[in-house]
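# Survey of secondary and tertiary structure
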Amino acid sequence: MFAGRDAKAPLYRDWSFAMSINYQDRIPNNVDLGSNRTLQRALEHWQPEFLNWWQELGPRDFQVADVYLRTATSVDAKGWATYGYVRMPDYRWGIFLAGRDPERRIGFGDSYGQEVWQQIPGEYRATLRRLIVTQGDTEPASVEQQRMLGHIAPSLYDMRNLFQVNVEEGRHLWAMVYLLHAYFGRDGREEAEELLERHSGDADKPRILGTFNEPIRDWLSFFMFTYFTDRDGKFQLKSLAESSFDPLARTCSFMLTEEAHHMFVGDTGINRVVRRTLEVMKELGTEDPAAVRNAGAIDLPTVQKYLNFWFSSSLDLFGSETSSNAASYFANGLKGRPDESRYEDHIATDQAYVLEVPDGNGGFKTEEIPMRNAMNDVTRGSYVKDCDMGVTRWNRVIEKAGYSFRLSLPSTRFRRNIGSWAGVPTDPTGKPITQDEFNAQIGNWLPSDSDRAYIMSLMHGVHEQGKMAAWIAPPDRGIDNNPVDYEYVKMH
Ligand code: BYC
Ligand code: FE
Ligand code: FE
């Protein structure tokens, strides 16, 4: 039903149901918020708290800059991306759901084929709340992680993309907070407050999922995060867009349209880093990483180490390979597989799934589990394939330039903290090794302190129109048909 593509124009269930967005209200929305005074007041109470959070933990120091941003003015093809200069605190964060399809039926699990729910059945309240809170928690977390990157942006074009991603993650928080307020009563309102109280990396109140507590201090990490971690967002949102709880499904399907740009930023960002490195290698006539660094570019082995770090961290976000939680989400119709309609069997009670798990003796063995318990790994598998497409594209650039170096995704067993391979040392190909062997090699596989220090040494803001930092190639084109040297951010 939802084509899996990072394309510009999103797919919707049915355009004819798309509603235009009410911008007269204090909170822009297409859910007729004005007709529910209690809900409206509750959200208007949360709004200033959100704005305080944005001022404190959102993009540092650029709150008065005019940023060339897109804003959704309707959820249809014409209006979902309207461009213009906006100061970030004036961005119209609001509540936008994809149109409702009155024919929509439950697409998987024990209640397959029944009508979808407009309200939450009592027995699923706690579970749905937890899923929505977990989803919601990641959105402001990423804004917190990225808040220092503005000053060291490699160009105005990149700075604008960073801020676009940030305001949209802010809106994704709104999307979940709306559901909490509208469907979960007092519990929901409390959860909405807590979403602004937990903070990325906070020792006492960290964000819920591991990756969202990792610092993002440099732009190579930012590009890896938007490529790999926002892509987890894509797959989790696709799973939730299948939910029998229709308002959740419609919220997530609209969020997916914005997500495509976030992954584009990562994909093209890494591509441009690689292209610049290849240029330098050509100029110097050597592949020697030290020489590449001397010339101020990022050597390809370092790109691979950052890739290893963010890919392995993002794999953990799918949960354990064997999960009774996942089985009951599926059985109860709360969370499906991405693109559920592509599967033949939507009940999945008679199928088995084969896993490779550590045998405890430095090897691995196979294990058969019921398909429903394997849903986290099924989704992770689709994710890995999607990740690999970018790697193939980057490698094509390297190959065309005449070099034999290849980037690759490490094994899904490598450096895991969640699931059967958690804490089991393996090399990047997934071969189990001893902890000593792992420790001896770690500097070749993951960014070392000196790699990080080198990358940080490159991070100087380039804020002149059309100029690029020396470690990254310019993009092929600008935003919204504007030239690359457009004034994407006007500083004051
Ligand atoms: N770190 O049965 P299991 C995005 C917990 S990204 C820490 O395997 P389950 C975005 C798990 O919560 C998309 N803890 O897990 C991207 C559970 O805890 P409890 C975010 C973890 O429940 C970029 C326990 O381990 N959306 O939008 O099947 C920028 C047992 O686990 C981790 C969602 O994740 C971890 N990595 O599935 C901005 C969707 N992994 O219950 C935004 C909502 C697992 O024992 N969440 N645990 O306390 C879910 O669907 C599921 O909760 C999970 C895990 C997929 C996360
Ligand atoms: Fe998001
Ligand atoms: Fe995103």
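Everything numeric in this text was worked out from a predicted model, so none of it was measured. (Residues numbered from 1 in each chain as written. Chains lettered and ligands numbered in written order. Predicted model: local features only at pLDDT ≥ 70, side-chain atom pairs only at ≥ 80, totals over all residues.)

Along the backbone of the chain there are 12 helices and 5 strands. When its C-alpha atoms are laid out on the principal axes, the chain stretches across 65 × 60 × 40 Å. Among the 492 residues that make up the chain, the fraction classed as buried is 45%. Long-range pairs, those at least 24 residues apart, make up 69% of the contacts in the chain between residues at least 6 apart in sequence. (Helix = DSSP H or I, 4+ residues; strand = E, 2+ residues; numbered from the N terminus. Buried ≥ 20, exposed ≤ 12 C-beta atoms within 10 Å, placed from the backbone. Contact = placed C-beta atoms within 7 Å.)

Attention now moves to the site of ligand 1. Residues in close proximity to ligand 1 total 25 residues, the closest being Gly233, Gly319, Ser320, Ser323 and Asn325. Secondary structure elements with two or more residues in the shell around ligand 1: helix H2 (125–145), helix H5 (219–240) and helix H9 (324–331). Here the element with the most residues in the shell around ligand 1 is H2; it accounts for 6 residues. In the shell around ligand 1, the residues fall into 6 nonpolar, 13 polar and 6 charged. (Near = placed C-beta within 6 Å. Nonpolar A, V, L, I, M, F, W, Y, C, P; charged D, E, K, R; others polar.)

Trans is the common state for peptide bonds, and a negative phi is the common state for residues other than glycine. Even without a glycine there, the phi angle at Ala348 is positive, about 55°. With respect to the helices and strands, the residue Ala348 is situated in the loop between H9 and strand S3 (352–358). Ala348 sits in the buried class, given 22 other C-beta atoms within 10 Å. Even without being glycine, Arg415 reaches a positive phi, approximately 50°. Under the C-beta neighbour-count criterion, Arg415 is labelled buried, with 24 such atoms within 10 Å.

Attention now goes to the packing of H5 against helix H10 (residues 375–400). With their axes 10 Å apart at the nearest point, H5 and H10 run at an angle of 140° to one another. By the criterion of interaxial angle, the relationship of H5 to H10 is oblique. The crossing of H5 and H10 is right-handed. Touching Tyr227, Phe228, Arg231, Asp232, Phe235 and Ser239 of H5 are Thr379, Ser382, Tyr383, Asp386, Cys387 and Gly390, all from H10. Partitioning the contact of H5 with H10 into residue classes produces 5 nonpolar, 4 polar and 3 charged. (Axes fitted to C-alpha atoms, helices over the stretch in contact; angles between N-to-C directions. Parallel < 35°, antiparallel > 145°, perpendicular 65-115°, else oblique. Left-handed = near helix turned anticlockwise from the far one by under 90°.)

Strand direction decides the pairing type here: S3 and strand S4 (residues 364–370), joined by 7 bridges, are antiparallel. In the strand pairing of S4, Tyr353 is matched with Ile369. Linkage of S3 to S4, two consecutive antiparallel strands, is achieved through a turn of 5 residues, within which Gly360 is found at a positive phi near 80°. (Pairing = 2+ DSSP bridges.)

Here 3 strands make up an open sheet; going across it, the order is S2-S1-S5 and the pairing antiparallel. Of all the strands in the sheet, the pair left with one neighbour each is strand S2 (82–87) and strand S5 (489–490). By the bridge criterion, 2 bridges tie strand S1 (residues 66–71) to S5 in an arrangement that is antiparallel. Across the sheet, Val67 pairs through a bridge with Val489, a residue of S5.

Structurally, Arg276 can be placed in helix H6 (residues 246–284). Separated by 128 residues in sequence, Arg276 and Met148 place their C-alpha atoms 24 Å apart. Discounting residues that sit within four places of it in the chain, Arg276 has contacts with Ala297, Trp471, Ile472 and Ala473.

As a rule of thumb, nonpolar side chains are buried together in soluble globular proteins. Core analysis: the biggest nonpolar cluster contains 108 residues, and Val177, Met224 and Val273 have the highest contact counts within it. Considering every element that reaches this core, the biggest residue donor is helix H3 (residues 156–183), with 15 residues. Excluding residues that lie within four positions of it along the chain, Val177 makes contacts with Trp46, Gly136, Ala192 and Leu195. (Core = buried A, V, L, I, M, F, W, Y, C linked by C-beta atoms within 7 Å.)

Attention shifts here to the confidence of the model for the chain. Per-residue confidence for the chain gives a mean pLDDT of 94; residues scoring 70 or more make up 95%. Note that residues 1–18 has pLDDT below 50 and, in this model, 36 contacts with residues that lie over four places away or in other chains. (pLDDT = per-residue confidence, 0-100.)

Looking now at the environment of Asn325. Mapped onto the elements, Asn325 comes out in helix H9. Judged by C-beta crowding, with 17 C-beta atoms within 10 Å, Asn325 ranks as partly exposed. Distance from Asn325 to Arg372, taken between C-alpha atoms, is 9.6 Å for residues 47 residues apart in sequence.

For the rest of this paragraph, the subject is H10. Helix length check: H10 (26 residues) gives 38 Å between terminal C-alpha atoms against 38 Å at 1.5 Å per residue, within 8%. Every buried residue belonging to H10 is among Met375, Asn376, Asp377, Val378, Thr379, Arg380, Tyr383, Gly390 and Trp394, and all of these are buried. Residues of H10 that are buried make contact with H5, H6, helix H8 (300–315), H9 and S3. Among the residues trailing H10, Gly402 stands out with phi positive, at a value near 90°. (Expected span 1.5 Å × (residues − 1).)

So, on to the packing of H2 against H3. Between H2 and H3, the shortest axis-to-axis distance is 8 Å and the interhelical angle comes to 155°. Taken together, the axes of H2 and H3 are roughly antiparallel relative to one another. Seen along the crossing, H2 lies across H3 with a hand that is left-handed. In this structure, H2 uses Ile132, Gln135, Gly136, Glu139, Pro140, Ser142 and Val143 to contact H3, whose residues at the interface are Asn166, Glu169, Gly170, His172, Leu173, Met176, Val177, Leu179 and Leu180. Classifying every residue of the contact of H2 with H3 by side-chain character gives 8 nonpolar, 6 polar and 2 charged.

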